[in-house]
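So the chains spell out like this:
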Amino acid sequence: MTTTTSIRKGGSWLLEETASSDVFTPEKLTDEHRLMAQTTTEFVDSEVLPVLDRLEQKDWQLARTLLKRCGELGLLGIAVPEEYGGLDLDKASSLAVVERIGPSASFATTFGGQANLTILPLVLFGTPAQKEKYLPRLVSGEIVGAYALSESGSGSDALAAKTRAVRQADGSWLLNGEKMWISNGGFADLFIVFAKVDGEQFTAFIVERGFGGLSSGNEEHKMGLHGSSTTPILLQDARVPAENVLGEIGKGHKVALNTLNYGRFSLGAMCAGGAQAAIADAASYAASRRQFGQPIASFGAIKHKLGEMIARTYAVESLVYRTAGLIDAALVGSAHNGGAVAQAFEEYAVEASIAKVAGSESLDFVLDENVQIHGGNGFVKDYSAERYYRDARVNRIFEGTNEINRLLIPGMLVRRAIKGEIPLIPAARRLQDEVLSPSVRAATGSDDQVLTDEMRTIAAFKKVALMVIGTAMQTYGEKLTDQQELLGYAADILMDTYAGESAVLRAQSAVTADPRRSDLHIAAARVFVHDAGLRIEGWARSAFSAMSEGDTLRTLLAALRRILKVTPVNTVALRRTLADAAVAEGKYISRL
Ligand SMILES: Cc1cc2nc3c(=O)[nH]c(=O)nc-3n(C[C@H](O)[C@H](O)[C@H](O)COP(=O)(O)OP(=O)(O)OC[C@H]3O[C@@H](n4cnc5c(N)ncnc54)[C@H](O)[C@@H]3O)c2cc1C
């Protein structure tokens, strides 16, 4: 199973043009990918969604049974080498699966705790003996895993953990401490626990509940995800054999960060799947609910909501598929061993953070509008809109809060630029010389395909991003990390740029890949890019105003006006087109 993307460095999309033929999209899924997706959809629709109420009553035996079913269907072993019971498939396959698991929210968290947070770190960092001992039983769902990083005093600042590990005379370890908010905590058999050796060296350990000294606290009373177990984990002289250090002593941050790199990408995909399901729900409800003698779907205000829900989801879906294609391309020809996979995830860490933040925020927007479209019914438990709305809120908090990820997005790019890994600094300098010349024009673009105006606008977004980052680096130098608000503006501009370009490139390729619905692809991409232009202009103005004044500020704002010209578009009509299509079919557009 291969995707068609060529190898590119992470973040290079900001500095280079990309051809639509070079981007992986949902329309390019192979038959094998589609079979995995269909298997997952059937499992979720027939075996998970009907029992969500029982899961919400903390029936963890049922959660175990469902994980076992996932094992039987092969869903837990997609990224696992065959010798350990897995299928060793590409990231596009993983994406197709997690996107379909997404709508089950609570169970998606249970699944993620197993596949992304336990199986994955073992694949990436386990020794052959550790893999042989644990992976087959995790992949089959026979045992359940959990990832214990956070503590009450160290969430975002995870490396400040207080849990201690002390080596014993026989080489084994004694762990003491308390972890907080651990998914699958109430019933997991195996934990990836992070602790500091002698209070200093941050290290990952593989801890079986059966070793003794590890116990679960009470279930947290949460706003949502009631069908997912979340508990503290107490470690009181928990004895861990010498051979159960995961990775190297003192290198636990590598295990934690690489796991999160993939977890963020995967969460973005789950969010895209959740949004697609909510759009189907909203569209069906709008078609059947009548007020003033007609379906509410006929009202412009409702069409606007549906159209916007679709455009934002389209952009997120496009960017997660594009990122999966990039990771897969980086892995072509590699041994798919832990090191190569970890390196590929690290390469696309910026894109993974974008997927997480854009996915979770876009999903929250969609679910909020879904409640609104349901009116009073959206606020009561008889309808799923209420549950989805509560369940999704945590996506902006775990796997690194969105604030932390917003700092990471431009922060990682700047670090790479300083190391010379991507030519961001010369590009920003060239642009600076160029913007001082009043003749500077908006970007060029080829006229031989659809969405050429939008491609020019995207090229302008990239210039604006470079101007903001370049000016910020010049103004603050090494102290840029203290300017969180500026980094936040830069992150927002970068996210809309990557999302907008991914949407446009996908819509361009849909002319041949999905001709019957290419007008819908084009409408979604145009709406997103048009509104992103207005947002980006606002963020850039705020950023420039915060770091300059007087003539310098006037010059920057004049350059911004020259570079960023957003072509007026009738987004009202385009949103109506999108909404009408979804209402007619009762589905999100790419599932028609
Ligand atoms: C349902 C659920 C399941 C979870 N599952 C797991 C799990 O399986 N394993 C696990 O290890 N953890 C898990 N967590 C914990 C989760 O990862 C943390 O809650 C998260 O990392 C945030 O940490 P915190 O709660 O301590 O918030 P804090 O770090 O205290 O953050 C509070 C606020 O301050 C902001 N902030 C913090 N630092 C900075 C900074 N440097 N700059 C700017 N803003 C900042 C944050 O963005 C946030 O808005 C789970 C949490 C929940 C709610």
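Predicted model only: the values in this text are computed from it and were never measured. (Residues numbered from 1 in each chain as written. Predicted model: local features only at pLDDT ≥ 70, side-chain atom pairs only at ≥ 80, totals over all residues. Heavy atoms only, no water.)

A word on the site of the ligand
Residues in close proximity to the ligand total 17 residues, the closest being Tyr147, Ser156, Trp181, Thr401 and Glu403. Ser156 is positioned with one of its side-chain polar atoms (N or O) 2.6 Å from an oxygen atom of the ligand. Take Trp181: an N or O atom from its main chain is 2.8 Å from a nitrogen atom of the ligand. Considered on its own, the ligand offers 970 Å² of accessible surface; in the complex 67% of this is hidden by protein. (Near = heavy atom within 4 Å. Polar contact = N/O pair within 3.5 Å; in protein donor to acceptor, adjacent residues only side chain to side chain. Areas by Shrake-Rupley, 256 points an atom, 1.4 Å probe, with all protein chains shown as cover.)

Describing the nonpolar core
In terms of nonpolar packing, the biggest core is built from 196 residues, with Phe111, Leu175, Phe205 and Phe544 touching the most fellow members. Among the elements that take part in this core, helix H7 (residues 252–288) stands out by supplying 16 residues, more than any other. Setting aside anything within four residues of it in sequence, one finds Phe111 in contact with Leu67, Cys70, Leu75, Leu76, Val97, Val98, Ile101, Asn116 and Met270. (Core = buried A, V, L, I, M, F, W, Y, C linked by side-chain atoms within 4.5 Å. Buried < 20%, exposed > 50% of the residue type's maximum accessible area, 1.4 Å probe, protein only. Helix = DSSP H or I, 4+ residues; strand = E, 2+ residues; numbered from the N terminus. Contact = heavy atoms within 4.5 Å.)

Notes on the packing of helix H1 (residues 31–48) against helix H3 (residues 60–73)
For any two helices packed against each other, the geometry comes down to the angle between their axes and how far apart the axes lie. Two elements in contact, H1 and H3, have axes whose closest approach is 11 Å; the angle formed by their N-to-C orientations is 155 degrees. As the angle between them shows, H1 and H3 are arranged roughly antiparallel. Regarding H1 and H3, the two cross each other, and that crossing is right-handed. Seen from H1, the contacting residues are Thr39, Phe43, Glu47 and Val48; seen from H3, they are Leu66, Arg69, Cys70 and Leu73. Residues of the contact of H1 with H3, tallied by class, amount to 5 nonpolar, 1 polar and 2 charged. (Axes fitted to C-alpha atoms, helices over the stretch in contact; angles between N-to-C directions. Parallel < 35°, antiparallel > 145°, perpendicular 65-115°, else oblique. Left-handed = near helix turned anticlockwise from the far one by under 90°. Nonpolar A, V, L, I, M, F, W, Y, C, P; charged D, E, K, R; others polar.)

A word on the pattern of salt bridges
Evaluated as defined, the whole model comprises 34 salt bridges. Of the charged contacts in the structure, one is a salt bridge between Asp22 and Arg8, with a shortest N-O distance of 3.3 Å. Placement of Asp22 in the segment before H1 and of Arg8 in the segment before H1 is noted, with a sequence separation of 14 residues between them. Across this residue pair, the class does not change: Asp22 and Arg8 are buried. Note that Arg416 is salt-bridged to Glu347, the shortest N-O span being 3.5 Å. Placement of the pair is Arg416 in helix H12 (residues 402–418) and Glu347 in helix H9 (residues 338–347), with a sequence separation of 69 residues. Taking relative accessible area as the criterion, Arg416 reaches 11% and is therefore assigned buried. Classification of Glu347 by relative accessible area gives partly exposed; the value is 22%. Where salt bridges share partners, they join Glu308, Arg312, Asp531 and Arg575 into one cluster. (Salt bridge = Lys/Arg side-chain N within 4 Å of Asp/Glu carboxyl O.)

All we've got here are geometric facts, nothing functional implied.
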